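Listed here are the chains, written in short residue letters.
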Amino acid sequence: MPDAIRRPLARHGRLPRRRGWGTLASIVASALAVVLVSGTSVAAIAGAQLATAPRTVKLSTDDQSTAQTADITAIKGGANILLIGSDTRVGQFDSNEDVEGARNDVTMLIHISQDHTQLTAVSFPRDLMVPIPACTNPETGKAYPAATSAQFNTALGNGGVSCVVDTVENLTGLSIPYAGLITFDGVIEMSNALGGVDVCVADPINDTYTGLHLTAGSHNLEGSDALAFLRTRHGVGDGSDLARISSQQVFLSALLRKVTSDGTLSNPITLYKLAGAALSNMTLSDGLAQARTLVGLAGALRGMSTANMLFVQYPVADDPANSARVIVDQEAAHTLNVALQNDQKTSLSDSSTGRASEESANAGTATASPSAGTSSSTGTSSSAGSAAGTGSGTASGAATSSASASATPLPSSITGQSASEETCSVGND
(Lines give C-alpha, C1' and ligand atoms only; values in the text may rest on other atoms or scores of the structure.)
Protein backbone atom coordinates (compact mmCIF):
# COMPACT_ATOMS: atom_id res chain seq x y z
CA MET A 1 0.00 0.00 0.00
CA PRO A 2 1.43 3.43 -0.87
CA ASP A 3 2.78 5.47 2.07
CA ALA A 4 0.26 8.20 1.31
CA ILE A 5 -2.51 5.80 2.12
CA ARG A 6 -0.81 4.07 5.06
CA ARG A 7 -0.18 7.16 7.14
CA PRO A 8 -2.88 8.01 9.68
CA LEU A 9 -5.66 10.10 8.29
CA ALA A 10 -7.41 12.87 10.07
CA ARG A 11 -10.48 11.72 11.94
CA HIS A 12 -12.80 12.36 9.05
CA GLY A 13 -15.54 14.50 10.48
CA ARG A 14 -16.05 14.46 14.28
CA LEU A 15 -18.63 11.88 15.24
CA PRO A 16 -21.24 13.60 17.43
CA ARG A 17 -22.67 11.58 20.27
CA ARG A 18 -25.45 9.23 19.13
CA ARG A 19 -25.05 10.10 15.48
CA GLY A 20 -23.20 8.87 12.42
CA TRP A 21 -24.02 5.26 13.37
CA GLY A 22 -22.49 2.42 11.43
CA THR A 23 -25.12 -0.01 10.15
CA LEU A 24 -22.90 -2.04 7.89
CA ALA A 25 -23.68 -5.39 9.46
CA SER A 26 -27.39 -4.67 9.58
CA ILE A 27 -27.39 -3.86 5.89
CA VAL A 28 -25.74 -7.07 4.78
CA ALA A 29 -27.67 -9.15 7.28
CA SER A 30 -30.95 -7.73 6.05
CA ALA A 31 -30.30 -9.14 2.61
CA LEU A 32 -28.22 -12.22 3.29
CA ALA A 33 -30.20 -13.42 6.30
CA VAL A 34 -32.99 -14.03 3.83
CA VAL A 35 -31.09 -15.28 0.80
CA LEU A 36 -28.65 -17.65 2.47
CA VAL A 37 -31.32 -20.25 3.21
CA SER A 38 -32.99 -23.01 1.25
CA GLY A 39 -35.33 -22.05 -1.56
CA THR A 40 -38.31 -23.57 0.24
CA SER A 41 -37.68 -21.65 3.43
CA VAL A 42 -37.05 -18.32 1.75
CA ALA A 43 -40.21 -18.62 -0.32
CA ALA A 44 -42.30 -19.01 2.81
CA ILE A 45 -40.42 -16.31 4.71
CA ALA A 46 -40.48 -13.81 1.86
CA GLY A 47 -44.16 -14.31 1.22
CA ALA A 48 -45.03 -13.75 4.85
CA GLN A 49 -42.62 -10.92 5.60
CA LEU A 50 -42.67 -8.72 2.50
CA ALA A 51 -46.02 -7.37 3.60
CA THR A 52 -44.32 -5.90 6.68
CA ALA A 53 -41.73 -3.93 4.69
CA PRO A 54 -42.50 -0.25 5.35
CA ARG A 55 -42.56 0.94 1.75
CA THR A 56 -40.82 0.75 -1.59
CA VAL A 57 -38.96 3.33 -3.65
CA LYS A 58 -38.37 3.76 -7.36
CA LEU A 59 -34.94 3.97 -8.95
CA SER A 60 -34.06 5.58 -12.27
CA THR A 61 -36.03 4.53 -15.35
CA ASP A 62 -33.26 2.29 -16.69
CA ASP A 63 -32.74 0.57 -13.35
CA GLN A 64 -36.47 0.08 -12.84
CA SER A 65 -36.79 -1.45 -16.31
CA THR A 66 -33.93 -3.89 -15.67
CA ALA A 67 -35.35 -4.98 -12.33
CA GLN A 68 -38.80 -5.54 -13.84
CA THR A 69 -37.63 -7.64 -16.77
CA ALA A 70 -34.47 -9.42 -15.58
CA ASP A 71 -34.09 -12.68 -13.71
CA ILE A 72 -31.74 -11.77 -10.88
CA THR A 73 -30.12 -15.19 -11.12
CA ALA A 74 -29.18 -14.76 -14.78
CA ILE A 75 -28.23 -11.11 -15.30
CA LYS A 76 -25.34 -10.89 -17.76
CA GLY A 77 -22.24 -9.84 -15.87
CA GLY A 78 -23.77 -10.63 -12.48
CA ALA A 79 -26.28 -8.94 -10.18
CA ASN A 80 -25.64 -5.69 -8.32
CA ILE A 81 -27.49 -4.58 -5.18
CA LEU A 82 -26.83 -1.35 -3.27
CA LEU A 83 -27.47 -1.49 0.48
CA ILE A 84 -27.63 1.74 2.47
CA GLY A 85 -27.61 2.62 6.17
CA SER A 86 -28.85 6.07 7.10
CA ASP A 87 -28.15 8.11 10.22
CA THR A 88 -31.72 9.42 10.39
CA ARG A 89 -33.23 9.49 13.89
CA VAL A 90 -36.85 9.92 12.81
CA GLY A 91 -38.98 7.39 14.66
CA GLN A 92 -35.98 5.97 16.57
CA PHE A 93 -35.49 5.74 20.32
CA ASP A 94 -33.22 8.80 20.45
CA SER A 95 -35.14 10.87 17.91
CA ASN A 96 -35.42 13.84 20.28
CA GLU A 97 -32.12 15.03 18.78
CA ASP A 98 -32.01 17.89 16.33
CA VAL A 99 -31.84 15.94 13.09
CA GLU A 100 -30.55 17.71 10.00
CA GLY A 101 -31.62 14.96 7.62
CA ALA A 102 -30.77 11.48 6.49
CA ARG A 103 -27.27 10.72 5.25
CA ASN A 104 -25.92 7.56 3.69
CA ASP A 105 -23.17 7.13 6.27
CA VAL A 106 -22.83 3.46 5.34
CA THR A 107 -23.11 2.36 1.71
CA MET A 108 -22.27 -1.09 0.40
CA LEU A 109 -22.38 -2.44 -3.13
CA ILE A 110 -23.04 -6.19 -3.35
CA HIS A 111 -21.89 -7.87 -6.58
CA ILE A 112 -22.93 -11.50 -7.13
CA SER A 113 -21.06 -13.16 -9.98
CA GLN A 114 -23.09 -14.50 -12.88
CA ASP A 115 -21.97 -18.08 -12.13
CA HIS A 116 -22.91 -17.60 -8.46
CA THR A 117 -19.47 -18.58 -7.16
CA GLN A 118 -18.41 -15.25 -5.63
CA LEU A 119 -19.94 -12.34 -3.73
CA THR A 120 -18.05 -9.07 -3.41
CA ALA A 121 -19.24 -6.42 -0.95
CA VAL A 122 -17.66 -2.99 -1.54
CA SER A 123 -17.88 -0.39 1.26
CA PHE A 124 -17.73 3.29 0.28
CA PRO A 125 -16.30 5.67 2.92
CA ARG A 126 -18.81 8.33 3.96
CA ASP A 127 -16.16 11.10 3.71
CA LEU A 128 -15.20 10.25 0.13
CA MET A 129 -15.34 13.25 -2.23
CA VAL A 130 -17.09 12.23 -5.46
CA PRO A 131 -19.18 13.68 -8.29
CA ILE A 132 -22.88 13.59 -7.44
CA PRO A 133 -25.45 13.87 -10.25
CA ALA A 134 -28.40 16.24 -10.26
CA CYS A 135 -31.08 14.80 -7.96
CA THR A 136 -34.51 15.73 -6.67
CA ASN A 137 -35.46 14.93 -3.09
CA PRO A 138 -38.53 12.64 -3.32
CA GLU A 139 -39.91 13.89 0.02
CA THR A 140 -39.52 17.65 -0.39
CA GLY A 141 -39.37 18.05 -4.16
CA LYS A 142 -36.25 20.21 -3.81
CA ALA A 143 -33.88 19.93 -6.80
CA TYR A 144 -30.13 19.69 -6.25
CA PRO A 145 -27.77 20.53 -9.12
CA ALA A 146 -24.97 18.20 -10.11
CA ALA A 147 -21.73 18.61 -8.14
CA THR A 148 -18.28 17.77 -9.48
CA SER A 149 -17.01 17.07 -5.96
CA ALA A 150 -19.19 16.56 -2.90
CA GLN A 151 -19.08 14.42 0.21
CA PHE A 152 -20.44 10.99 -0.63
CA ASN A 153 -22.81 10.75 2.33
CA THR A 154 -24.82 13.78 1.18
CA ALA A 155 -26.32 11.88 -1.77
CA LEU A 156 -29.18 10.35 0.24
CA GLY A 157 -30.30 13.72 1.55
CA ASN A 158 -30.14 15.18 -1.94
CA GLY A 159 -32.31 12.66 -3.71
CA GLY A 160 -33.04 9.58 -1.64
CA VAL A 161 -32.07 6.01 -2.46
CA SER A 162 -32.15 6.62 -6.21
CA CYS A 163 -29.56 9.42 -5.92
CA VAL A 164 -27.18 7.17 -3.98
CA VAL A 165 -27.60 4.47 -6.64
CA ASP A 166 -26.90 6.95 -9.45
CA THR A 167 -23.81 8.23 -7.62
CA VAL A 168 -22.35 4.73 -7.23
CA GLU A 169 -23.22 3.86 -10.84
CA ASN A 170 -21.29 6.93 -12.02
CA LEU A 171 -18.36 6.04 -9.78
CA THR A 172 -18.10 2.36 -10.76
CA GLY A 173 -19.57 2.18 -14.27
CA LEU A 174 -21.99 -0.54 -13.12
CA SER A 175 -25.74 -0.90 -13.54
CA ILE A 176 -27.45 -1.30 -10.15
CA PRO A 177 -31.11 -2.33 -10.51
CA TYR A 178 -31.72 -3.26 -6.85
CA ALA A 179 -31.36 -1.26 -3.63
CA GLY A 180 -32.42 -1.25 0.00
CA LEU A 181 -32.21 1.13 2.96
CA ILE A 182 -32.37 -0.02 6.58
CA THR A 183 -33.41 1.80 9.75
CA PHE A 184 -31.64 2.15 13.07
CA ASP A 185 -33.65 -0.48 14.96
CA GLY A 186 -32.82 -3.18 12.43
CA VAL A 187 -29.35 -3.74 13.90
CA ILE A 188 -30.74 -4.48 17.33
CA GLU A 189 -33.56 -6.75 16.13
CA MET A 190 -31.41 -8.85 13.80
CA SER A 191 -28.57 -9.38 16.27
CA ASN A 192 -31.17 -10.41 18.85
CA ALA A 193 -32.73 -12.88 16.40
CA LEU A 194 -29.35 -14.58 15.99
CA GLY A 195 -28.71 -14.76 19.72
CA GLY A 196 -25.75 -12.43 19.29
CA VAL A 197 -22.61 -12.48 17.17
CA ASP A 198 -19.19 -13.52 18.52
CA VAL A 199 -16.54 -10.94 17.70
CA CYS A 200 -12.83 -10.92 18.48
CA VAL A 201 -11.19 -7.85 20.04
CA ALA A 202 -7.38 -7.61 19.84
CA ASP A 203 -7.02 -4.66 22.22
CA PRO A 204 -9.41 -3.06 24.72
CA ILE A 205 -12.00 -0.77 23.16
CA ASN A 206 -13.18 2.20 25.23
CA ASP A 207 -15.36 4.72 23.44
CA THR A 208 -17.26 7.27 25.48
CA TYR A 209 -19.09 8.49 22.38
CA THR A 210 -20.91 5.17 21.84
CA GLY A 211 -20.58 3.88 25.40
CA LEU A 212 -18.70 0.81 24.17
CA HIS A 213 -16.21 -0.76 26.58
CA LEU A 214 -14.76 -4.15 25.65
CA THR A 215 -11.79 -6.04 27.02
CA ALA A 216 -9.45 -7.96 24.71
CA GLY A 217 -10.82 -11.36 23.74
CA SER A 218 -14.09 -12.70 22.36
CA HIS A 219 -17.46 -11.12 23.07
CA ASN A 220 -20.98 -12.16 22.16
CA LEU A 221 -22.65 -8.94 21.05
CA GLU A 222 -26.32 -8.32 20.44
CA GLY A 223 -28.79 -5.48 20.71
CA SER A 224 -27.39 -2.08 21.66
CA ASP A 225 -23.92 -3.56 22.24
CA ALA A 226 -23.76 -4.86 18.65
CA LEU A 227 -24.88 -1.46 17.41
CA ALA A 228 -22.26 0.34 19.51
CA PHE A 229 -19.55 -1.95 18.10
CA LEU A 230 -20.62 -1.08 14.56
CA ARG A 231 -20.81 2.63 15.30
CA THR A 232 -17.53 3.06 17.14
CA ARG A 233 -14.72 4.83 15.36
CA HIS A 234 -13.13 6.71 18.26
CA GLY A 235 -12.49 3.34 19.90
CA VAL A 236 -10.76 1.51 17.04
CA GLY A 237 -7.66 1.90 14.87
CA ASP A 238 -6.69 5.49 14.21
CA GLY A 239 -10.17 6.79 14.98
CA SER A 240 -11.06 7.41 11.33
CA ASP A 241 -14.10 6.27 9.39
CA LEU A 242 -11.76 4.04 7.37
CA ALA A 243 -10.78 2.25 10.58
CA ARG A 244 -14.43 1.78 11.43
CA ILE A 245 -15.05 0.07 8.07
CA SER A 246 -12.37 -2.58 8.67
CA SER A 247 -13.61 -3.16 12.22
CA GLN A 248 -17.14 -3.57 10.89
CA GLN A 249 -15.83 -6.23 8.52
CA VAL A 250 -14.75 -8.22 11.58
CA PHE A 251 -18.39 -8.24 12.69
CA LEU A 252 -19.72 -8.96 9.22
CA SER A 253 -17.48 -11.95 8.72
CA ALA A 254 -18.47 -13.39 12.09
CA LEU A 255 -22.12 -12.74 11.33
CA LEU A 256 -22.02 -14.50 7.96
CA ARG A 257 -20.23 -17.49 9.45
CA LYS A 258 -23.06 -17.75 11.96
CA VAL A 259 -25.84 -17.14 9.44
CA THR A 260 -24.47 -19.88 7.17
CA SER A 261 -23.83 -22.36 9.97
CA ASP A 262 -25.94 -25.50 10.23
CA GLY A 263 -27.37 -24.38 13.55
CA THR A 264 -28.93 -21.29 11.99
CA LEU A 265 -29.94 -22.72 8.63
CA SER A 266 -31.69 -25.68 10.24
CA ASN A 267 -33.73 -23.54 12.64
CA PRO A 268 -36.87 -22.22 10.90
CA ILE A 269 -37.83 -20.08 13.91
CA THR A 270 -34.51 -18.25 13.82
CA LEU A 271 -34.74 -17.79 10.07
CA TYR A 272 -38.24 -16.39 10.33
CA LYS A 273 -37.27 -13.96 13.09
CA LEU A 274 -34.18 -12.90 11.19
CA ALA A 275 -36.05 -12.25 7.95
CA GLY A 276 -38.79 -10.41 9.81
CA ALA A 277 -36.30 -8.19 11.61
CA ALA A 278 -34.63 -7.39 8.29
CA LEU A 279 -37.65 -6.71 6.11
CA SER A 280 -39.69 -4.85 8.71
CA ASN A 281 -36.88 -2.33 9.08
CA MET A 282 -36.14 -1.82 5.39
CA THR A 283 -37.20 0.38 2.52
CA LEU A 284 -36.72 -1.61 -0.68
CA SER A 285 -36.56 -0.65 -4.32
CA ASP A 286 -39.52 -1.91 -6.32
CA GLY A 287 -37.44 -4.63 -7.97
CA LEU A 288 -36.00 -5.94 -4.71
CA ALA A 289 -39.37 -6.00 -2.94
CA GLN A 290 -40.48 -9.07 -4.85
CA ALA A 291 -40.74 -12.60 -3.46
CA ARG A 292 -39.38 -13.98 -6.75
CA THR A 293 -36.29 -11.78 -6.41
CA LEU A 294 -35.54 -12.94 -2.87
CA VAL A 295 -36.15 -16.57 -3.81
CA GLY A 296 -33.85 -16.11 -6.81
CA LEU A 297 -31.14 -14.70 -4.55
CA ALA A 298 -31.49 -17.70 -2.26
CA GLY A 299 -30.88 -20.00 -5.20
CA ALA A 300 -27.94 -17.94 -6.45
CA LEU A 301 -26.13 -17.97 -3.11
CA ARG A 302 -27.11 -21.39 -1.83
CA GLY A 303 -23.97 -23.36 -1.05
CA MET A 304 -21.53 -20.50 -1.72
CA SER A 305 -18.48 -20.81 0.49
CA THR A 306 -17.76 -17.96 2.88
CA ALA A 307 -14.22 -18.10 1.46
CA ASN A 308 -15.71 -16.64 -1.73
CA MET A 309 -17.58 -13.82 0.04
CA LEU A 310 -15.24 -10.82 0.00
CA PHE A 311 -15.56 -7.56 1.91
CA VAL A 312 -13.45 -4.75 0.44
CA GLN A 313 -13.13 -1.03 0.99
CA TYR A 314 -13.32 1.18 -2.09
CA PRO A 315 -9.73 2.44 -2.50
CA VAL A 316 -9.03 5.99 -1.36
CA ALA A 317 -6.18 8.41 -0.65
CA ASP A 318 -5.89 11.61 1.39
CA ASP A 319 -7.67 14.64 -0.05
CA PRO A 320 -4.95 17.28 -0.58
CA ALA A 321 -7.57 20.01 -0.31
CA ASN A 322 -9.03 18.84 3.02
CA SER A 323 -7.30 16.61 5.57
CA ALA A 324 -10.66 15.51 6.95
CA ARG A 325 -11.76 14.00 3.62
CA VAL A 326 -10.53 11.34 1.19
CA ILE A 327 -10.53 11.05 -2.59
CA VAL A 328 -10.56 8.08 -4.95
CA ASP A 329 -7.29 6.21 -5.47
CA GLN A 330 -7.78 6.29 -9.23
CA GLU A 331 -5.42 3.47 -10.24
CA ALA A 332 -6.65 0.93 -7.69
CA ALA A 333 -10.27 1.99 -8.17
CA HIS A 334 -9.97 1.47 -11.91
CA THR A 335 -8.72 -2.08 -11.33
CA LEU A 336 -11.61 -2.84 -8.98
CA ASN A 337 -14.21 -1.21 -11.24
CA VAL A 338 -13.02 -3.15 -14.29
CA ALA A 339 -13.03 -6.42 -12.35
CA LEU A 340 -16.64 -5.83 -11.28
CA GLN A 341 -17.71 -4.66 -14.73
CA ASN A 342 -16.18 -7.77 -16.33
CA ASP A 343 -17.42 -10.08 -13.57
CA GLN A 344 -13.89 -11.29 -12.90
CA LYS A 345 -13.10 -13.58 -9.98
CA THR A 346 -10.84 -11.69 -7.58
CA SER A 347 -8.86 -12.34 -4.41
CA LEU A 348 -7.34 -10.10 -1.77
CA SER A 349 -3.64 -9.75 -1.13
CA ASP A 350 -2.07 -10.92 2.13
CA SER A 351 -2.11 -8.58 5.14
CA SER A 352 -4.84 -6.38 3.71
CA THR A 353 -7.39 -6.37 6.52
CA GLY A 354 -7.39 -2.59 7.00
CA ARG A 355 -6.75 0.02 9.69
CA ALA A 356 -8.63 -1.53 12.61
CA SER A 357 -8.51 -5.30 12.16
CA GLU A 358 -5.91 -8.03 12.16
CA GLU A 359 -5.65 -11.80 11.81
CA SER A 360 -6.65 -13.65 14.96
CA ALA A 361 -3.70 -16.07 15.15
CA ASN A 362 -3.06 -15.19 18.80
CA ALA A 363 -6.61 -14.35 19.78
CA GLY A 364 -7.15 -17.76 21.34
CA THR A 365 -4.84 -16.76 24.21
CA ALA A 366 -6.82 -13.67 25.11
CA THR A 367 -9.48 -14.12 27.74
CA ALA A 368 -12.36 -11.70 27.83
CA SER A 369 -14.37 -10.72 30.85
CA PRO A 370 -17.70 -8.87 31.02
CA SER A 371 -17.31 -5.11 30.88
CA ALA A 372 -19.59 -2.41 32.10
CA GLY A 373 -22.21 -1.61 29.56
CA THR A 374 -21.49 -4.66 27.43
CA SER A 375 -22.88 -8.13 27.04
CA SER A 376 -21.17 -11.15 28.55
CA SER A 377 -17.99 -12.50 27.04
CA THR A 378 -17.82 -15.98 25.62
CA GLY A 379 -14.49 -16.47 27.37
CA THR A 380 -11.97 -17.12 24.64
CA SER A 381 -11.64 -16.45 20.98
CA SER A 382 -11.30 -19.09 18.32
CA SER A 383 -8.15 -19.04 16.26
CA ALA A 384 -8.28 -18.46 12.55
CA GLY A 385 -7.66 -22.14 11.96
CA SER A 386 -10.84 -23.09 13.82
CA ALA A 387 -13.08 -20.72 11.92
CA ALA A 388 -14.12 -23.54 9.61
CA GLY A 389 -16.34 -24.98 12.28
CA THR A 390 -18.58 -21.93 12.37
CA GLY A 391 -19.67 -21.71 8.75
CA SER A 392 -19.62 -23.11 5.28
CA GLY A 393 -16.20 -21.59 4.46
CA THR A 394 -12.86 -22.01 6.17
CA ALA A 395 -9.88 -19.84 6.91
CA SER A 396 -7.37 -22.30 5.51
CA GLY A 397 -5.88 -22.04 2.04
CA ALA A 398 -6.75 -25.68 1.37
CA ALA A 399 -10.43 -24.85 1.59
CA THR A 400 -10.30 -22.20 -1.08
CA SER A 401 -12.50 -23.18 -3.99
CA SER A 402 -11.23 -23.73 -7.52
CA ALA A 403 -12.92 -20.47 -8.45
CA SER A 404 -10.80 -18.56 -5.90
CA ALA A 405 -7.65 -20.43 -6.89
CA SER A 406 -7.86 -18.96 -10.37
CA ALA A 407 -8.92 -15.50 -9.19
CA THR A 408 -7.13 -12.27 -10.12
CA PRO A 409 -5.39 -10.66 -7.08
CA LEU A 410 -6.57 -7.14 -6.31
CA PRO A 411 -3.94 -4.43 -5.63
CA SER A 412 -2.52 -4.46 -2.11
CA SER A 413 -3.93 -0.96 -1.57
CA ILE A 414 -7.44 -2.47 -1.58
CA THR A 415 -8.11 -3.64 1.95
CA GLY A 416 -10.63 -6.18 3.19
CA GLN A 417 -11.12 -9.86 3.97
CA SER A 418 -13.18 -12.91 3.12
CA ALA A 419 -16.04 -13.95 5.38
CA SER A 420 -14.18 -17.18 6.19
CA GLU A 421 -11.32 -15.28 7.85
CA GLU A 422 -11.65 -14.80 11.57
CA THR A 423 -10.11 -11.44 12.41
CA CYS A 424 -9.94 -9.22 15.47
CA SER A 425 -10.95 -5.59 15.86
CA VAL A 426 -7.98 -3.44 16.89
CA GLY A 427 -8.77 -1.00 19.67
CA ASN A 428 -6.85 2.18 20.40
CA ASP A 429 -7.29 2.32 24.14
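Residues numbered from 1 in each chain as written. Predicted model: local features only at pLDDT ≥ 70, side-chain atom pairs only at ≥ 80, totals over all residues. Heavy atoms only, no water.

### Considerations on the overall build of the chain
Put simply, the rule reads: Helix and strand assignments come from DSSP, with helices taken as H or I runs of at least 4 residues and strands as E runs of at least 2, each series counted from the N terminus. Partly exposed residues are those whose accessible area sits between 20% and 50% of the maximum for their type, while under 20% is buried and over 50% is exposed, using a 1.4 Å probe and protein chains only. Should any heavy atoms of two residues lie within 4.5 Å, those residues are considered in contact. The Shrake-Rupley method, run with a 1.4 Å probe, gives the accessible areas here. Residue values count only the displayed protein chains as cover.
Looking only at helices and strands, the chain features 13 helices and 22 strands. Looking at the chain as a whole, 61% of its 429 residues qualify as buried. Counted over contacts in the chain with a minimum sequence separation of 6, partners at least 24 positions apart contribute 77%. Counting every atom, the chain has about 15700 Å² of accessible surface; 50% of that belongs to carbon and sulfur.

### A closer look at the sheet that holds strand β13 (residues 217–221)
The condition is simple: Pairing between strands is defined by DSSP: at least two bridges between them are needed. To get an axis, a line is fitted to the C-alpha atoms, and for a helix only the part in contact is used. The angle between two axes follows their N-to-C directions and goes from 0 to 180 degrees.
Here four strands make up an open sheet; going across it, the order is β13-β10-β22-β19 and the pairing mixed. At either margin of the open sheet sits one strand with a lone partner, and together these are β13 and β19 (357–359). For this sheet the average axis-to-axis angle between neighbouring strands, irrespective of direction, equals 45 degrees. Two elements, strand β10 (residues 197–201) and β13, share five bridges in a ladder whose sense is antiparallel. The residue bridging C200 from the neighbouring strand is S218, located in β13. Those strands touched by helix α7 (residues 223–231) are β10, β13 and β22 (423–425), and its axis lies near 120 degrees from that of β13.

### A look at the confidence of the model for the chain
As a reminder of what qualifies: Per-residue confidence from the prediction method is given by pLDDT, with values spanning 0 to 100.
For the chain, per-residue confidence averages 76 on the pLDDT scale, and residues scoring 70 or more make up 72% of the total. Across the chain, the element-wise mean pLDDT spans from 39 in helix α1 (residues 3–6) up to 97 in strand β5 (residues 129–132). In this model residues 1–43 is a low-confidence stretch, pLDDT under 50, and it forms 162 contacts with partners more than four residues away in sequence or in other chains. Throughout residues 363–403 the model reports pLDDT below 50, and contacts reaching past four residues in sequence, or to other chains, amount to 90 contacts.

### Points about the packing of aromatic side chains
What counts here: Stacked, tilted and edge-to-face pairs are distinguished by plane angle, under 30 degrees for stacked and over 60 for edge-to-face with tilted covering the rest, among Phe, Tyr and Trp rings (Trp via its six-membered ring) whose centres lie within 6.5 Å.
Taken as a whole, this structure holds three aromatic pairs when the rule is applied. Here F124 and F152 contribute two aromatic rings whose centre-to-centre distance is 5.7 Å and whose plane-to-plane angle is 25 degrees, an arrangement assigned as stacked. Placement of F124 in strand β4 (residues 119–124) and of F152 in the loop between β8 (147–151) and α5 (155–172) is noted, with a sequence separation of 28 residues between them. Per residue, the accessibility class of F124 equals that of F152, and both read buried. Note on F229 and F251: the rings are 6.1 Å apart at their centroids and 35 degrees apart in plane angle, and the pair reads as tilted. Of this pair, F229 sits in helix α7 while F251 is found in helix α8 (residues 241–259), placing the two residues 22 residues apart along the sequence. Take F229: its relative accessible area is 1%, and that puts it in the buried class.

### Quick notes on the packing of α7 against α8
Stated formally: In this count, Pro and Cys sit with the nonpolar residues alongside Ala, Val, Leu, Ile, Met, Phe, Trp and Tyr, while Asp, Glu, Lys and Arg are called charged and the others, Gly among them, polar.
Two elements in contact, α7 and α8, have axes whose closest approach is 8 Å; the angle formed by their N-to-C orientations is 145 degrees. Between α7 and α8, the residues in contact are A226, F229, L230 and R231 and R244, S247, Q248 and F251, respectively. A class-by-class count of the residues in the contact of α7 with α8 yields four nonpolar, two polar and two charged.

### Considerations on the pairing of β10
Buried residues dominate β10, accounting for four of its five residues. Of the strand pairs in this sheet, β10 and β22 are connected by two bridges, and their pairing is parallel. Across the sheet, the residue bridging to C200 is C424, located in β22.

### As for the nonpolar core
Under the convention used in this document: Residues belong to a common nonpolar core when they are buried Ala, Val, Leu, Ile, Met, Phe, Trp, Tyr or Cys residues joined through side-chain atoms within 4.5 Å.
Judged by nonpolar contacts, the single largest core of 52 residues is most densely connected at I81, I110, L119, Y178, F229 and F251. By residue number, the principal contributor to this core is α8, which donates seven residues. Apart from the residues lying within four places of it in its own chain, the contact partners of F229 are V199, V201, I205, L212, L214, L221, S247, F251 and S425. A150, A155, C163 and V326 belong to the second largest nonpolar core, which has 38 residues in total.

### As for the side chain of S352
Its place among the elements puts S352 in the loop between β18 (346–347) and β19. Leaving out residues up to four positions away in the same chain, S352 has contacts with I414, T415 and G416.

### Focus on the environment of A332
Following the sequence through the fold, A332 ends up in helix α12 (residues 330–341). Residue classification places A332 among the buried positions, given a relative accessible area of 4%. Through-space distance from the C-alpha of A332 to that of P315 is 6.2 Å; in sequence the pair is 17 residues apart. Dropping the residues within four chain positions of it, A332 is found in contact with P315, P411, S413 and I414.

### Some points on the state of the cysteines
Counted only if it meets this: Disulfide: a pair of cysteine sulfur atoms within 2.5 Å of each other.
For the structure shown, the criterion picks out two disulfides. Between the sulfur atoms of C135 and its disulfide partner C163 the distance amounts to 2.1 Å. Where C135 bonds to C163 through sulfur, the torsion about that S-S bond is close to 80 degrees, and the disulfide is right-handed. With a gap of 28 residues between them, C135 in strand β6 (residues 135–136) and C163 in helix α5 connect regions that are remote in the sequence.

### What about the pattern of salt bridges?
To keep things clear, this is the line we draw: Only one rule defines a salt bridge in this text: a Lys or Arg side-chain nitrogen within 4 Å of an Asp or Glu carboxyl oxygen.
Scanning the model with the defined rule gives five salt bridges in all. D115 is the partner of K345 in a salt bridge, and the nearest nitrogen-oxygen pair spans 2.9 Å. Here D115 lies in the loop between β3 (106–112) and β4 and K345 lies in the loop between α12 and β18, a separation of 230 residues in the sequence. Between R244 and D241 there is a salt bridge, with its nearest N and O atoms 2.9 Å apart. On the criterion of helical spacing, the pair formed by R244 and D241 is a turn pair, its members being three residues apart in helix α8. Each of the two residues, R244 as well as D241, counts as buried.

### Thoughts on the sheet that holds strand β2 (residues 79–85)
Spatially, β1-β14-β9-β2-β3-β4-β15-β21 is the arrangement adopted by the eight strands of the open sheet, whose pairing is mixed. At either margin of the open sheet sits one strand with a lone partner, and together these are β1 (55–57) and β21 (416–418). Averaged over all adjacent pairs, the angle separating strand axes in this sheet is 20 degrees, with direction ignored. Where β2 and β3 come together, seven bridges link them in antiparallel fashion. Paired with L82 across the bridge in β3 is L109. Where α12 meets the sheet, its contacts fall on β3, β4 and β15 (309–313), and the angle it forms with β4 comes to roughly 140 degrees.

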